[in-house]
Amino acid sequence: GAGVSQSPRYKVAKRGQDVALRCDPISGHVSLFWYQQALGQGPEFLTYFQNEAQLDKSGLPSDRFFAERPEGSVSTLKIQRTQQEDSAVYLCASSFARNIDQPQHFGDGTRLSIL
Amino acid sequence: GQQVMQIPQYQHVQEGEDFTTYCNSSTTLSNIQWYKQRPGGHPVFLIQLVKSGEVKKQKRLTFQFGEAKKNSSLHITATQTTDVGTYFCAGPFQAGTALIFGKGTTLSVSS
């Protein structure tokens, strides 16, 4: 497709379960970002990849959050032992630029609800 | 701590009225970006400003970056119902660092 694709669009999990969220960036985009967006808030940076290298993971809230992009294309954000405060929309973004601070194209997000 | 503030949080206007949202940073930004998020949608990039005092226009939208590179504004002339959504400003506190987003200004327009 032409845009950033994320799946699933909605995910409901019980507290304590592990979840995996997928992002398929725009073809050829070097940079890939994950953000967390709580209701009524702006996106909050989680982590950044340049190709397969995770260059910045300073926004990951705890060691329960893990992201990978093994072949420099598709990325997965994994959350282990989910907690209620993990409920949010998780946005993936990609960019042709090789910089963390340049404009980005966002996907539709995965809305995660932890019961 | 370092943060990006946006005012107002909400704004309702009649169609045809003008609208302005302001973005203020606690520290200098190397660039400022504006995004629009429609209800139920994802942020869509609108524009990037890099230079001190820069002004850019996109049809009815005018964007400004302050002289001190700590504030920015988005002005919409003669709003339309298609302008409805939340407008976010975002910028890195230092070049080469992640974008920090404001909380956004949500615009509603009645016809």
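The written sequence of each chain sets the order in which its residues are numbered from 1. Chains carry letters from A onward and ligands carry numbers from 1 onward, assigned in written order. The predicted origin of the model limits local features to residues at a pLDDT of at least 70 and limits the giving and counting of side-chain atom pairs to 80 or more, whereas totals for whole chains, interfaces and linings rest on all residues. The side-chain numbers reported here are obtained from all heavy atoms of the structure, hydrogens and water having been left aside.

1. Considerations on the sheet that holds strand 1 (residues 5–7) of chain A
Residue and element names in this part refer to chain A. What counts, and what does not: Whether two strands pair depends on DSSP finding at least two bridges between them. What counts as a helix is a DSSP run of H or I of at least four residues, what counts as a strand is a run of E of at least two, and both are numbered from the N terminus. As a rule, the C-alpha atoms of each element are fitted with a line to give its axis, helices using only the stretch in contact, and angles between N-to-C directions run from 0 to 180 degrees.
If you walk across this open sheet you meet the four strands as 1-3-8-7, and the pairing is antiparallel. With partners counted over all chains shown, the strands left at the sheet margins are strand 1 and strand 7 (65–68), one partner each. Sheet twist, expressed as the mean angle between neighbouring strand axes with direction ignored, is 15°.

2. Re the pattern of salt bridges
For clarity, the cut-off: For this document, the term salt bridge refers to a Lys or Arg side-chain nitrogen within 4 Å of an Asp or Glu carboxyl oxygen. Exposure is judged per residue with a 1.4 Å probe applied to protein chains only, and the accessible area is read against the type maximum: over 50% gives exposed, under 20% gives buried, and values in between give partly exposed.
Scanning the entire structure with this criterion turns up six salt bridges over all chains. Measuring nitrogen to oxygen at the nearest pair gives 3.9 Å for the salt bridge that ties R9 of chain A to D108 of chain A. Here D108 of chain A lies in the loop between strand 10 (105–106) and strand 11 (110–114) and R9 of chain A lies in the loop between strand 1 and strand 2 (10–13), a separation of 99 residues in the sequence. Residue classification places R9 of chain A among the partly exposed positions, given a relative accessible area of 35%. A salt bridge links E54 of chain B to K56 of chain B; the shortest N-O distance between them is 3.8 Å. For E54 of chain B, a relative accessible area of 17% corresponds to the buried category.

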